[in-house]
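Report on the structure
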Amino acid sequence: FIYDLTPILFKNYAKEDTALNFEIFLKTTVIYSDKIFFTSKSAKKDFIDFINKNTRSIDTDIDLHVVYLGSNITNNTKSLYAQDKKILESKYILFVGTIEPRKQHSLLLKAFEYIHSEYKDINLVFIGKKGWKTEEFMSYLTSHKLYGESLFLLENISDSELEYYYKNAFIVTYLSYYEGFGLPLAESL
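Here the structure is a predicted model, which is why all the values come from computation and not from measurement.

Observations regarding the packing of helix H2 (residues 16-32) against helix H3 (residues 41-54)
Interhelical geometry of H2 versus H3 gives an angle of 90° and a closest axis separation of 11 Å. Considered as vectors, H2 and H3 are oriented roughly perpendicular to each other. Residues Glu23, Leu26, Lys27 and Val30 of H2 lie in contact with H3, whose contacting residues are Phe47, Phe50, Ile51 and Asn54. Per-class residue counts for the contact of H2 with H3 are 5 nonpolar, 1 polar and 2 charged.

Structural data, given as C-alpha cells:
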C-alpha cells in the first residue's frame, strides 16, 4: 500500500535516510509484489513514472489498484473538556495533518499572526502529530505569545473529537505542497 511518493519527489521534506530507504522499498516492491495499492491516481502515476525512470518498466503481471480513502468519521458522543469548549465556541481556522515542512504550517501561522492583529476573535487550531524536521517550527509555536490562548496544537485526538472540530470550524485550510491524497480535504467535506 503506497500512500504517496513524497520522500522521492520532495527529498527536502524528508529525513535523508528516508528518501534512500524509500527508493529501495519501491524497487523491491516491484520485484516481490503481485498487487500494489495506492491512495489516488496521482500516487499511482508517480509510482509508475518513478519505476519507469529508475528501473525497468512495470511488469504487466503486477496489479495496480487505487483504493480511495474517505471520511468514515462516526457520530460518537463525547464529553468536551474545558479547552475543547473554549476552542469550539470560538471562531477558528483549522488545519489537520501531520506537522512537517511540506504542509506549510509555518506559512499559515504567519498569516494567522497578521489576521489576529486585526481580528482578535479568530483562533488557529493545528491538529496532528509531529513529523520530521519540525524542531524549529515547534519551538516557535510552543513559545508563541498566543499559544494556549488563541493558538492551539492538539495531538492524539479521537475521530469523534476530530468531527467536532471539523463541524465547528470557521475555515478549514490545507496548504500542502504535495499530497498523494490529502485525507483532511475529504474529511472536512
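Still to come is the rest of the account.
Quick look at the pattern of salt bridges
Under the definition given, this model contains 8 salt bridges. With its nearest N and O atoms 3.2 Å apart, the salt bridge here joins Lys27 to Glu23. Of this pair, Lys27 and Glu23 both sit in helix H2, 4 residues apart, which is roughly one turn of that helix. In this structure Glu23 comes out as partly exposed when scored by relative accessible area, which is 21%. The residue Lys45 makes a salt bridge to Asp49 at a minimum N-O spacing of 2.6 Å. Within this pair, Lys45 and its partner Asp49 are both found in helix H3, separated by 4 residues, close to a single helical turn. Its relative accessible area of 39% is what places Asp49 among the partly exposed residues. A cluster of three or more residues bridged by salt bridges with shared partners is formed by Asp4, Glu100 and Arg102.

Thoughts on the pairing of strand S4 (residues 122-127)
Each regular strand displays side chains that alternate between the two surfaces of the sheet. Judged by how many residues are buried, S4 sits mostly within the fold: 6 of 6 residues are covered. Where burial is concerned, the two faces of S4 agree: the one with Ile122, Leu124 and Phe126 and the one with Asn123, Val125 and Ile127 are both buried. Relative to S4, strand S3 (residues 91-96) runs parallel, the two being bridged by 6 bridges. Opposite Phe95, over in S4, you have Phe126 as the bridge partner. In the sheet, S4 pairs with strand S5 (residues 151-154) via 4 bridges, with the strands oriented parallel. Considered in S5, the bridge of Ile127 is made with Leu154. Following the chain from S4 across helix H6 (residues 135-142) to the adjacent parallel S5, one finds a crossover that is right-handed.

Rules and cut-offs
Residues numbered from 1 in each chain as written. Predicted model: local features only at pLDDT ≥ 70, side-chain atom pairs only at ≥ 80, totals over all residues. Heavy atoms only, no water. Axes fitted to C-alpha atoms, helices over the stretch in contact; angles between N-to-C directions. Helix = DSSP H or I, 4+ residues; strand = E, 2+ residues; numbered from the N terminus. Parallel < 35°, antiparallel > 145°, perpendicular 65-115°, else oblique. Contact = heavy atoms within 4.5 Å. Nonpolar A, V, L, I, M, F, W, Y, C, P; charged D, E, K, R; others polar. Salt bridge = Lys/Arg side-chain N within 4 Å of Asp/Glu carboxyl O. Buried < 20%, exposed > 50% of the residue type's maximum accessible area, 1.4 Å probe, protein only. Pairing = 2+ DSSP bridges. Right-handed = clockwise from strand over helix to strand, strands pointing away.

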